[in-house]
Amino acid sequence: MIHYLLGILLFVIGLYGVLVKRNLFKIIIGLIIMEYATFLLFALVGFREHGTAPIQPGVAGKVFVDPLPQALVLTAIVIGLGTTALIAGLAVRIYEKYGTLDIRKIKKLKG
Amino acid sequence: MSEILYLLVIPFVTGVIAIFLPKKIRPAIETVGILGSVGSLAYVTYVYVNLVSYTSSWWRIDGLSRFILLFCGVFGFLIALYSLKFMRRFDRLNEYYGYLLFTIGASFGAVLANNMILLVGFWGFLAFTLFMLITIGGPDRTGVSEAAKKTLIIVGGSDCLMILGIAILWLLTNSLRMDSMNVSVATSRLAAVAFVLLAVTSFAKAGAIPMHTWIPDCAEFAPIPVTAFLPASVDKLLGIYLLTRLVTDIFALNTAMKIFLLAVGAFTVLAAVMMALIQHDAKRLLAYHAVSQVGYMVLGIGTCNPIGIAGGLFHMLNNAIYKGCLFLTAGGVEHRTGTTHLDRLGGLAHYMPITFVSFIVAALAISGVPPLNGFTSKWLVYQGLIMLGNEGGKLWIIWLVAAMFGSALTLASFMKLGHAIFLGQTPDYEKAIGHKVREVHWSMWLPMVVLAGLCLAFGIFAFRLPLAKLIYPAVGKVFVPGFWQPTLATILILVGIVVGFIIYLMGRVKIREDSLPFIGGEVLPEEVRVTGTDFYNTIREMSILRTIYSKAEQKLFDIYELGKRAFLFLARGVSYAHVGVLTSYVAWIFLGLMAILFVVVRLR
Amino acid sequence: MVNSIPLFVVIPLGCAFILPVIGRRWERAGDLFANLVTVTLLGLAIWSVRFIRETTVYHVGGWGAVNGIPIGIYLVRDGLSIFMLVVVNLIAFVATLYSINYMEYFTDKTKYYTLFMLMLAGMNGVILTGDFFNLYVFIEIAAIASYALVAFGTEAEELEAAFKYQVMGSVGSGFILLGIILLYSYTGTLNMADVGRVILDKGASNLVWFVNVLFIVGFGLKAAVVPFHMWLPDAHPSAPAPISAMLSGVLIESIGVYPLTRIMYNVIGFDGVLSNILIVLAIISMMIGGLLALWQWDYKRLLAYSSISQVGYILLGIGLGTPLGLLGALFHLFNHSAFKGLLFLDSGSIVYSVGTRDLREMGELDRRMPITSKTNLVAAMSIAGVPPFNGFWSKLIIIIACIQAGRYGVAGWAILGSILTFAYILKAERYAFYGKAGRDVADVKESPPFMCIALIILAVICVVAGLMLLPNVRETILFPVVNTLTSGTEYIWRVLR
């Protein structure tokens, strides 16, 4: 149970970053922390107490961790990498255009 | 069945042809337009003669729809004829004739429809064609586009109400066929809601208060044939057609609903005519009368007794005729002088005699002067209201007084209009427009004369012709109490005129004397010309009315303006919530999440 | 013809990889290939309509079920997916056709088409997939491509919009992923049908309800449901016009409304609480979106807000849950794609020719740009719901469905929303086309031929789409689609069979 709670705590920390920080890059980092908290939760879902790596098939009585989340988290991490690269690129370009990284000053679009 | 299909196919196919013709080939477009309207008129006459009654799940022809159908065709043809000359200088002629023909077709469809979905389809399509016809309008693009927008918002928005009403009816009766419905308003509140919704739809089309506010704007900015065709005649026919269907076929009304209708009618008569009195533009003035006359129709139909309904329907027909005629005369004036502003007009009777005579006939008819048609129908409406009193109501006297008072004011405002345009001092037209004013082309005066002739014919032979042939088949034979014999009265009036003429000839009285106005020996310059409108400014200055008028001119009684202000007020508030800062947006997302979670926890 | 199913994903994905390679040498390759791809896909989608009554499952990599337990990724093609495929690929086809001329405006067409194809692959994947994780992956593909496309012009506003869009979009994706994870922990499987089966067996616990909420928020964010809509009015207008048409016309529906509907109806099971939540969200969206649209002077921003309002209508029909409501919702989804796509393309034509998005600076365009003004008129009348254009019929069905379901108040809100629609779209019509010109428009010309063809195609669809409601036609096309939803969790057995 404690793992899940820690995962959720991590998620909340990320959320805090997105909600409170003004700097674009800190917001991005908050976003990444949120993302990774979900990945962590996902990996934990597959966790079994005293489980081993699911390498030997057909062995009875042995506990394996669930391999599926691990595979999927890898995929998700790759996607996360793509989004991070894109959003960091956007932030750099925004800095070029606006001359600031303060999110509260980047508000040409409103209403 | 096939007859009905042809009835729709002729105008729609010619309309499509007209719309897709290139804008440049004007003669071809005009030919198609005229052919389409003539074809529609010819075929609708054929149907009128041969198909007395027909019912299927989709279509229906009965006494009521027959004559309305016929008159939609008649007006379509007359307007197309009138447009030949009038619309020459307008751009987008192909669209004009195309949408004109579509309007004819869609009005046929709306009247023929027995299925309510079909009805709302054609009904909504008419709002669209009206919008398009208005946008063709004159040089003042801002005004034209604003008027078109307002019209479609009011008329189209009321179609949404119609959908709601139809949906409720469908829920109550499990049917969409208009002929099989008989819903008593007294039984459920839903039925009452449905009735009010559908009635408001018909008000929006016909132009009764409070849904009338598009008509003056539309009249001011749309090309005059469009105004004469839609708001003045065909929309009246359709709106009142629907109201009649509602009152006679679909619903059985209770007292509260009757009072609702009567109150709307009476208020419409008075308020609109009061607004008409202070207008300075002939088109706007006529438009307010177009609204005011709807009041009589609603009053007549609101009585729910046969004589009142007959009066309402007859008045609808008469109004379409004389109001169409009045708008066409105003169009003739605008065509020749380039303006309809009353302060800049005057003395046109001399230059445009045929227009003037048509105007006088129609103006007397709308004012309810015997023996013209307007008198007979108003008289029937009054009889209906009195009958209401015999049935035991107490409020009938209010409605009756309102109707009669409105009639008097109508006469007053037409005195003003006739004086300002056709009589009075003549401004220097040659200086203003650069050429002499003369009578309009025959293709423009012919429709006016035909309509004026109809005013006379329907008045003099009221009981024998229109009532017997058109109205009674629709509502059943009506016993008319009291006696009004229009033919005899006409003969008497004619005799009176002849006698007067003879006296005039015998006496050789010098009745005319030209003399310059004497103003302390000064020569009267052009600028201090006394116009017809000045006499009526006193009404505006009366103490109570002044505040009401000034509020009305700020559009405080305009349902469209009120709605617009309310919506924009709300929109401004919501818009401020979109501050543009990402952080607050993300906070909104989480608040939304919390709210939904809370709801789920509470509901489960 | 099971093998045709993965083509919807494979062809655009393949094109997206090939284009950057050959696009370096050959400038026009993008135009040619992208149009070929979208034409092929549209043809394929229309051809698939013959299978609209069937549920066909494609096992990716040949991994079928073992002992009745699905172990591979399933692609599922049933009535609803075919319907969505037609919608998506139709708009994609029109948008690529339009791009041929329009994107001359921008510098790197090849990159644009690459991103476009990625987005298309993502959307088609979302529609076809029968697997939760796959759903997430495809949503992310489509979403990332759309973030990049929003920023494609790389002006200040576009970058800002893309940044906000991506931050909020990532939050939404995070919720979706979290929901998927929780579902996995509860059911031990990721196959949608299998998840549904387990939930049927074990019952819907509180956890499933929490997942429901997460999905409503996550997919609601993708579909721009108020109060999760703030990114849309920034992002959609900033993109190039064909992309705006794609985003507003199909993206919010295919990665927002469609998965939500699919999961609610076919996997987890729909009930009264969900219905109420959806209806309330729908009404709020309708009203807020409409009000804000009324307030705008930027034409594309006005259209973007109107998308929020129209998605509210779709959700309203879905929330009602009756067959009639679903029919109205799905039909409105189709119609919204057509007319909103058309409106955005028209706004693009105006930007192309006049060079402004501000309604006050436009005017008199009905004479200068006849095709744009006529097609825009058709689209405006459709969205306002004027017969005989398509929007009227869906509006009619939705309102009747509200009454039929006994929700009279909801019907009243729908009417009010409809009047608001009239108001804002006519405001745009009036200022852009019929009003007095705010700037000199004397030398404004009609847009180039491919753009006009694209506009005309969509305008024709707007006019004739109402025919889909004719008897016989509706039984063959629309009713099977509605059936896939009304039959609810029977979906599970059709897939697992």
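These numbers were taken from a predicted model, which means no experiment stands behind them.

Reading the values: the criteria
Residues numbered from 1 in each chain as written. Chains lettered and ligands numbered in written order. Predicted model: local features only at pLDDT ≥ 70, side-chain atom pairs only at ≥ 80, totals over all residues. Heavy atoms only, no water. Contact = heavy atoms within 4.5 Å. Buried area = accessible area lost by both parts, 1.4 Å probe. Salt bridge = Lys/Arg side-chain N within 4 Å of Asp/Glu carboxyl O. Polar contact = N/O pair within 3.5 Å; in protein donor to acceptor, adjacent residues only side chain to side chain. Helix = DSSP H or I, 4+ residues; strand = E, 2+ residues; numbered from the N terminus. Phe/Tyr/Trp six-rings, centres within 6.5 Å; stacked < 30°, edge-to-face > 60°. Lys NZ or Arg CZ within 6 Å of the ring centre and 35° of its normal. Core = buried A, V, L, I, M, F, W, Y, C linked by side-chain atoms within 4.5 Å. Buried < 20%, exposed > 50% of the residue type's maximum accessible area, 1.4 Å probe, protein only. Nonpolar A, V, L, I, M, F, W, Y, C, P; charged D, E, K, R; others polar. pLDDT = per-residue confidence, 0-100. Expected span 1.5 Å × (residues − 1).

Some details on the interface of chain B and chain A
Contact residues are listed per partner, giving 11 residues for chain B and 12 residues for chain A. Taken together, both faces of the contact between chain B and chain A bury some 890 Å²; the carbon and sulfur share is 72%. Contact with chain A buries area across many residues of chain B, yet B:Val581, B:Thr583 and B:Phe590 alone supply 45% of it, more than any other trio. In this assembly, chain B and chain A are joined by zero salt bridges. Our enumeration of links across chain B and chain A arrives at zero residue pairs in polar contact (both at pLDDT 80 or more). The element that contributes the greatest number of residues to the side of chain B that touches chain A is helix α24 (residues 582-603) of chain B, accounting for six residues.

Describing the packing of aromatic side chains
Applying the stated criterion to the full structure yields 43 aromatic pairs over all chains. Among the aromatic side chains, those forming a connected cluster through ring pairs are C:Tyr98, C:Tyr102, C:Phe106, C:Tyr112, C:Tyr113, C:Phe116, C:Phe152 and C:Tyr352. Over the aromatic face of A:Tyr98 sits the side chain of A:Lys108, whose NZ or CZ is 5.3 Å from the ring centroid. For C:Lys202, the ring lying beneath its charged end belongs to C:Tyr186, and the centroid distance is 4.5 Å.

Overview of the nonpolar core
In terms of nonpolar packing, the biggest core is built from 446 residues, with B:Phe251, C:Phe132, C:Phe163 and C:Phe215 touching the most fellow members. For this core, the element with the most residues is helix α6 (residues 156-187) of chain C, which contributes 19 residues. When near neighbours in sequence (up to four residues on either side) are disregarded, C:Phe215 contacts C:Phe132, C:Ile176, C:Gly179, C:Ile180, C:Leu183, C:Gly220, C:Leu260, C:Ile263 and C:Ile268. Core analysis: the second largest hydrophobic core is formed by 13 residues, B:Leu262, B:Val269, B:Leu385 and B:Leu388 among them.

Topic: the environment of B:Ile168
All names here are of chain B. Secondary-structure assignment places Ile 168 in helix α6 (residues 141-173). Taking relative accessible area as the criterion, Ile 168 reaches 3% and is therefore assigned buried. Ile 168 sits 259 residues away from Pro 427 along the chain, and the two C-alpha atoms are 58 Å apart.

What to know about the interface of chain C and chain B
Listed by partner, the interface residues are 65 residues for chain C and 54 residues for chain B. Counting across the interface, chain C meets chain B through five salt bridges. Across the pair B:Arg141 and C:Asp366 runs a salt bridge, and its minimum N-O distance is 2.8 Å. For the side of chain C that touches chain B, the secondary-structure elements that each account for two or more residues are α6, α8 (206-222), α11 (272-295), α14 (365-368), α15 (370-384), α16 (390-404) and α17 (408-434) of chain C. In the side of chain C that touches chain B, the residues fall into 49 nonpolar, five polar and 11 charged.

Regarding the confidence of the model for chain B
Taken over all residues, the pLDDT of chain B has a mean of 86, while the share at 70 or more is 92%. No element of chain B has a lower mean pLDDT than helix α20 (residues 532-535) of chain B, which averages 61, and none a higher one than helix α4 (residues 93-112) of chain B, which averages 94.

Let's talk about the environment of B:Gly459
By secondary structure assignment, the location of B:Gly459 is in helix α17 (residues 442-460). Through-space distance from the C-alpha of B:Gly459 to that of B:Tyr351 is 28 Å; in sequence the pair is 108 residues apart.

Focus on the pattern of salt bridges
Counted by the stated rule, this structure contains 34 salt bridges over all chains. Note that C:Lys374 is salt-bridged to B:Glu95, the shortest N-O span being 3.2 Å. Taken together, the positions of C:Lys374 in helix α15 and B:Glu95 in helix α4 put the pair across two chains. Classification of B:Glu95 as buried rests on a relative accessible area of 7%. Beyond isolated ion pairs, a larger network of salt bridges with shared partners links B:Arg92, B:Glu95, B:Arg141, C:Asp366 and C:Lys374.

Comments concerning α17(C)
Between the first and last C-alpha of α17(C) there are 37 Å, a value that for 27 residues agrees with the 39 Å anticipated at 1.5 Å per step. Along α17(C), 20 of the 27 residues are buried, which leaves the element largely enclosed by surrounding structure.

Examining the environment of C:Pro387
Among the secondary structure elements, C:Pro387 is positioned in the loop between α15 and α16. The buried category is assigned to C:Pro387, whose relative accessible area is 3%. For the pair formed by C:Pro387 and C:Val463, sequence separation is 76 residues and the distance between their alpha carbons is 9.3 Å. What C:Pro387 contacts, discounting residues up to four positions off in sequence, is B:Val120, B:Gly121, B:Gly124, B:Phe125 and C:Phe392.

Here's the deal with unusual backbone geometry
Here the residue pair C:Val226 and C:Pro227 is connected by a cis peptide bond, since its omega of 10 degrees sits within 30 degrees of zero. With respect to the helices, strands and loops of the structure, C:Pro227 is situated in the loop between α8 and α9 (232-238). Cis rather than trans, the peptide bond between C:Pro387 and C:Pro388 has omega equal to 5 degrees. Among the secondary structure elements, C:Pro388 is positioned in the loop between α15 and α16. Positive phi outside glycine occurs at B:Cys304, with the angle close to 65 degrees. Assignment of secondary structure puts B:Cys304 in the loop between α11 (282-302) and α12 (306-337). According to the relative accessible area criterion, B:Cys304 is partly exposed, its value standing at 26%. Phi at C:Glu364 takes a positive value of approximately 60 degrees, unusual for a residue other than glycine.

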